[in-house]
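Topology and contacts: notes
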Amino acid sequence: SQEIDAIAPEAARASAVEEELREIADRQQFNVDKLINLVKENEEVLDQMRENLRSKIVQDIIHIVIKSDVNNDQKFCKVESKMLALKIRIQLQEYGVEFD
C-alpha cells in the first residue's frame, strides 16, 4: 500500500502528460488535415488559372490571325504567314509559351 501511495503522484503526472500528448496529437492531425485541404484547394486554383491562361492565349491568337489578314481575303500569302508567325511568337513570349 505504501508503494502504491508512493507512485500515485507519478501515475497522476503520467496521466496528465498522456492527456497533453493526446491533445497535441489531435491538434497536429487537425493541422495536417487543414494543410491537405489547403493543398487541394491550391491545386484547384492553379488548374483554373491554367485554364484561364489557355483561354486568353487562344483569344490572343484568334485576334492576331484576324488582324493579320490585311487584305481580308481569308488567305495568307507567304509574307503574311511569316508576319503572322512572328506576331504569335512575340505575343506568346509574354506568357512564357514557346511557339515553333
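Residues numbered from 1 in each chain as written. Predicted model: local features only at pLDDT ≥ 70, side-chain atom pairs only at ≥ 80, totals over all residues. Heavy atoms only, no water.

1. Considering the overall build of the chain
When helices and strands are counted, the chain shows 2 helices and 0 strands. The C-alpha radius of gyration of the chain comes to 33 Å, more than 25% above the 13 Å expected for a compact globule of 100 residues. Expressed as a percentage of its 100 residues, the buried residues of the chain come to 10%. For the chain, the accessible area works out to roughly 8800 Å², and carbon and sulfur atoms hold 57% of it. For the chain, the separation between the mean place of its 14 positive charges and that of its 21 negative charges on side chains is 16 Å. (Helix = DSSP H or I, 4+ residues; strand = E, 2+ residues; numbered from the N terminus. Rg over C-alpha atoms; globule rule 2.2 N^0.38 Å. Buried < 20%, exposed > 50% of the residue type's maximum accessible area, 1.4 Å probe, protein only. Areas by Shrake-Rupley, 256 points an atom, 1.4 Å probe, with all protein chains shown as cover. Lys, Arg positive; Asp, Glu negative; His and termini not counted. Charge placed at Lys NZ, Arg CZ, Asp CG, Glu CD.)

2. Things to note about a negative patch on the surface
On the surface, Glu19, Glu20, Glu23 and Asp26 cluster together to form a negatively charged patch. With respect to the secondary-structure elements, Glu19 resides in helix H1 (residues 2-68). (Patch = residues over 30% accessible without salt bridge, like charges linked within 9 Å, V, L, I, M, F, W, Y side chains within 5 Å. Salt bridge = Lys/Arg side-chain N within 4 Å of Asp/Glu carboxyl O.)

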